[in-house]
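# Structure at a glance
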Amino acid sequence: MKYSGQVAVRSSTGGLIMPLRSEYDRQLLFEHITDRVRRDRWVDVRAGRQHWRATLIEPDSHVPCSTCGEALTIAHASAGAQLCTRCRMRALH
Ligand SMILES: [Zn+2]
């Protein structure tokens, strides 16, 4: 069962509530997170009981995704794991 409801996105420049009910909402949410991380360097995301911080990774730092091992450009970090955007999207349930 995938999470459905609202998602709170917050960074140093402010907060936003986004709906999350469809696959399209999911695409928009992660596009928004990506844009905001590029601008503000980090974003806190809360979706129901799940929460994580998305942080911009320096291009040459070679931090791997905890799930797929791909080099991260944005790290979605929670509970000691750092996921790439694709794995974080898949893990959102
Ligand atoms: Zn990954």
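One can find the structure itself at the top, above this paragraph.
The structure contained in this document is the topic of the report that follows. Every chain is numbered on its own, with residues counted from 1 as its sequence reads. The model is predicted, so local features are restricted to residues of pLDDT at least 70 and side-chain atom pairs to those at 80 or more, both for listing and for counting; the totals for chains, interfaces and linings are taken over all residues.

## Observations concerning the sheet that holds strand 6 (residues 81-83)
Pairing between strands is defined by DSSP: at least two bridges between the two strands are required. The way it works is that DSSP assigns letters per residue, a run of H or I at least four long becomes a helix, a run of E at least two long becomes a strand, and they are numbered from the N terminus. Taken in spatial order, the six strands line up as 2-1-3-4-5-6 in an open sheet, and their pairing is antiparallel. Either end of the sheet is taken by a strand with one partner, and the two such strands are strand 2 (14-20) and strand 6. Shown here is a sheet whose adjacent strand axes are inclined to one another by a mean of 25°, direction ignored. Alignment of strand 5 (residues 74-78) against strand 6, held across three bridges, turns out to be antiparallel. Bridging from a neighbouring strand, A77 pairs with Q82 of strand 6. Every axis in this analysis is a line fitted to C-alpha atoms, fitted for helices over the stretch in contact. Angles between the N-to-C directions lie between 0 and 180 degrees.

## Thoughts on unusual backbone geometry
Negative phi characterises most residues that are not glycine, and trans characterises most peptide bonds. Of note in this structure, R41 is not a glycine but carries a positive phi near 80°. As for its placement among the helices and strands, R41 is situated in the loop between helix 1 (23-40) and strand 3 (42-47). Residue burial here comes from a neighbour count, namely the number of other C-beta atoms, placed from the backbone, that lie within 10 Å of the residue's own C-beta, with 20 or more meaning buried, 12 or fewer meaning exposed, and in between meaning partly exposed. Residue class for R41 comes out exposed when judged on the 12 C-beta atoms lying within 10 Å of it.

## Comments concerning helix 1
Structurally, the α-helix is built with 3.6 residues per turn, so residues lying three or four positions apart point the same way. An ideal rise of 1.5 Å per residue puts 26 Å on 18 residues; helix 1 measures up with 25 Å between its terminal C-alpha atoms. It is the C-beta atoms, placed from the backbone, that decide contacts: two residues are in contact if theirs lie within 7 Å. Its buried side turned inward, helix 1 meets strand 1 (5-11), strand 2, strand 3, strand 4 (50-56) and strand 5. Of the residues flanking the end of helix 1, it is R41, one or two places downstream, whose phi is positive at about 80°. To estimate the expected span of a helix, count its residues, drop one, and scale the result by 1.5 Å.

## Considerations on the environment of R38
Residue placement: R38 occurs in helix 1. When the 12 C-beta atoms within 10 Å are taken as the criterion, R38 is described as exposed. Residues R38 and I74, spaced 36 residues apart in sequence, show a C-alpha to C-alpha distance of 8.7 Å.

## A short note on the environment of T13
In this fold, T13 is placed in the loop between strand 1 and strand 2. Sequence-wise, T13 and R36 are 23 residues apart; in three dimensions their C-alpha atoms are separated by 9.2 Å.

## Here's the deal with the nonpolar core
A set of buried residues qualifies as a nonpolar core if it consists of Ala, Val, Leu, Ile, Met, Phe, Trp, Tyr and Cys joined through C-beta atoms within 7 Å. Counting 13 residues, the largest nonpolar core has I33, V37, V43, V45, A54, L72 and I74 as its most contacted members. For this core, the secondary structure elements donating two or more residues are helix 1, strand 3, strand 4 and strand 5. Leaving out residues up to four positions away in the same chain, L72 has contacts with I57, V63, P64, C65, Q82 and C84.

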